[in-house]
Amino acid sequence: MRIQLSDHFTYSRLIRFVLPSIAMMIFTSIYSVVDGLFVSNFAGKDSFAAVNLVMPVLMGLSAIGFMFGTGGSAVVAKTLGEGDNKRANRYFSMFIYTILGLGIIIAAAGFMLMDHIVTLLGASNNIREYCIIYARISFLSLPCFMLQIAFQSFFVAAEKASLSLKMSIASGLTNAVLDYVFIAVFDWGVAGAAAATAIGEFIGGLTPIFYFARKNNSLLRLTKTRLEPKVIGKGCLNGSSEMLTNLSASIVNILYNFQLMRFAGDDGIAAYGTIMYVNFIFIAVFMGYAVGSAPLVGYNYGSENKTELKNLLKKSLTMIGLAGISMLILAELLAKPLTKFFVGYDDALFEMTCYGLRIYAAAFLVNGFNIYVSSFFTALNNGVVSGIISFLRTFVFQIVVVMILPIFFGLNGIWGSIIIAEVLALFVSIAFLMVNRKKYGY
């Protein structure tokens, strides 16, 4: 039976609704994880460090896709809840065309300026050339990656989350297979990793355009539209928290790399890269839940169903808490085998990475709540609150702690910075939930 945005959601119905989005985010995270796995094991730790050094830049720019996807889908879902499907399709089309145009401009600029970008990142002579090769090839597919990320949210708003999952599986498997062919068989190193990722992103970003451009049985379709700056601004404001989350994370990762270079050299960057790859997979559960449940919140907000808003919030917080405990236990149990996949060929690097991962994993107890609360306010079309939570969580708190803790605790301070930052952000999230509970009736 088809689950609709207007349904009442029990735990089982909610899980079934968001599960495709969770799986979709996991497969999306496979892009960088698979690249790192093959590059590290077949091209060596210098190439692996190079990919990790430029990855924050690529992920930071792709945050524009998150902004338009989450913020735009909140506007579209609210409009659908108001019963105006024609206007919802016009808004949807406008957001997609805007993403494509901006993506092309950013990709062209990044390709030409990559020499300067790599210099600013502080790349050593050992990894500089690898950085430039990987980033320039990746920039060619950046517009498609931005579209793929945005479509994840719009597929859910269109009540077609399963199609988004299929797109993610297709692009993820393409990337994985081509990584093996280009890196393990053809020995193309970082160029092969970037090419495999680019081809997967072309599939994930362009295929949905063909689907929505023709007649379909979803709630959305690409149509003729016009530029409406106020609506674009509203979508950007709504999605600013998600963009800030990803953009800030990228900036903070660059700062982490600088600190790690001071305390542990290139090996520190490689170790942190491995921890981030594992984190991508685990955090995808929370991100997927946030993406999958946001249109439900937006729809019920638009239809003024406060009872269902309260129901969704209560059940979501309960499930996120249980998921956080489960992921911490899983991360501790799998720390050694997961680390061995990436850097098992180097004993010292293996020990450093495994130790750091076990400290870092404690953040899973907290960060799911912060991710969801930020997304919850985005869906309520309150981009200001959502943006404040994300900005403090992913930027201000992390920068402060990663600059201070290593002074007293050295490398351990770097691994533990994320935990302190997330706990501080949790207090902010709780405060905003309490202050706004009467306003929205949840």
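Above this text you will find the structure in question.
Model, not experiment: these values are computed from the prediction. (Residues numbered from 1 in each chain as written. Predicted model: local features only at pLDDT ≥ 70, side-chain atom pairs only at ≥ 80, totals over all residues. Heavy atoms only, no water.)

Trainee: Describe the pattern of salt bridges, listing the residues and the values that go with them.
Mentor: Scanning the model with the defined rule gives 9 salt bridges in all. Across the pair K45 and D267 runs a salt bridge whose closest N-O atoms are separated by 3.2 Å. Residue K45 is located in helix α2 (residues 45–81), and its partner D267 is located in helix α9 (residues 240–302); the two are separated by 222 residues in the primary sequence. Relative accessible area serves as the criterion here: at 21%, D267 is assigned to the partly exposed category. Between K45 and D346 there is a salt bridge whose closest N-O contact spans 3.3 Å. Here K45 is found in helix α2, whereas its partner D346 is found in the loop between α10 (306–343) and α11 (347–360), with 301 residues between them in sequence. What you see here is one network of salt bridges that share partners, running through K78, E82, D84 and R87. (Salt bridge = Lys/Arg side-chain N within 4 Å of Asp/Glu carboxyl O. Helix = DSSP H or I, 4+ residues; strand = E, 2+ residues; numbered from the N terminus. Buried < 20%, exposed > 50% of the residue type's maximum accessible area, 1.4 Å probe, protein only.)

Trainee: Describe the packing of aromatic side chains, with residues and values.
Mentor: Between two aromatic rings, the relevant description is the distance of the centres plus the angle of the planes. With the rule as written, the count across this model stands at 29 aromatic pairs. Feature note: the residues F68, F92, F95, F151, F154, F155, Y211 and F212 constitute an aromatic cluster, connected by ring pairs. R136 extends its terminal NZ or CZ atom over the ring of F111, reaching a point 5.4 Å from the ring centre. K315 extends its terminal NZ or CZ atom over the ring of Y11, reaching a point 5.0 Å from the ring centre. (Phe/Tyr/Trp six-rings, centres within 6.5 Å; stacked < 30°, edge-to-face > 60°. Lys NZ or Arg CZ within 6 Å of the ring centre and 35° of its normal.)

Trainee: I'd like to hear about the packing of helix α3 (residues 85–120) against helix α5 (residues 142–157), residue by residue, with values.
Mentor: Between α3 and α5, whose axes approach to 8 Å, the crossing angle comes to 155°. For the element pair α3 / α5, the angle class is roughly antiparallel. Crossing geometry of α3 relative to α5 is assigned as right-handed. Counted together, F92, F95, I96, I99, L100, G103, I104, I106 and A107 of α3 and L142, P143, M146, L147, A150, F151 and F154 of α5 form the full contact between these two elements. Residue classes in the contact of α3 with α5 are distributed as 15 nonpolar, 1 polar and no charged. (Axes fitted to C-alpha atoms, helices over the stretch in contact; angles between N-to-C directions. Parallel < 35°, antiparallel > 145°, perpendicular 65-115°, else oblique. Left-handed = near helix turned anticlockwise from the far one by under 90°. Contact = heavy atoms within 4.5 Å. Nonpolar A, V, L, I, M, F, W, Y, C, P; charged D, E, K, R; others polar.)

Trainee: Give a detailed account of the side chain of S138, specifying residues and quantitative values.
Mentor: With respect to the helices and strands, S138 occurs in helix α4 (residues 128–140). Classification of S138 as buried rests on a relative accessible area of 10%. A distance of 2.8 Å separates the side chain of S138 from the backbone oxygen of Y134, its partner in a polar contact. (Polar contact = N/O pair within 3.5 Å; in protein donor to acceptor, adjacent residues only side chain to side chain.)

Trainee: Describe the nonpolar core, and please don't skip the residues or the numbers.
Mentor: F92, Y134, F212, L220, F377 and Y442 are the most contacted members of the largest nonpolar core, which totals 139 residues. The element best represented in this core is α9, accounting for 26 residues. Setting aside chain neighbours within four positions, we find L220 in contact with V76, L80, A88, N89, F92, F154, A157, A158 and F212. (Core = buried A, V, L, I, M, F, W, Y, C linked by side-chain atoms within 4.5 Å.)

Trainee: Explain the side chain of E228 to me, and be specific about the residues and the numbers.
Mentor: As for its placement among the helices and strands, E228 is situated in the loop between α7 (189–213) and α8 (229–238). In this structure E228 comes out as buried when scored by relative accessible area, which is 15%. When sequence neighbours within four positions are dropped, the list of residues in contact with E228 reads R90, Y91 and M94.

Trainee: Can you tell me about unusual backbone geometry, naming the residues and giving the values?
Mentor: In the Ramachandran plot, D187 falls in the positive-phi region, its phi being about 60° despite a non-glycine side chain. Here D187 lies in the loop between α6 (161–185) and α7. Residue D187 is classed as exposed on the basis of its relative accessible area, which comes to 56%. Of note in the backbone geometry, E304 takes a positive phi value of approximately 60° without being a glycine. Residue class for E304 comes out exposed when judged on its relative accessible area of 68%.

Trainee: Outline the environment of N279, supporting the account with residue identities and numerical values.
Mentor: Looking at the secondary structure, you find N279 in helix α9. Looking at N279, the relative accessible area reads 9%, which means it is buried. With near-sequence residues (within four places) excluded, N279 lies in contact with A284, Y360 and F364.

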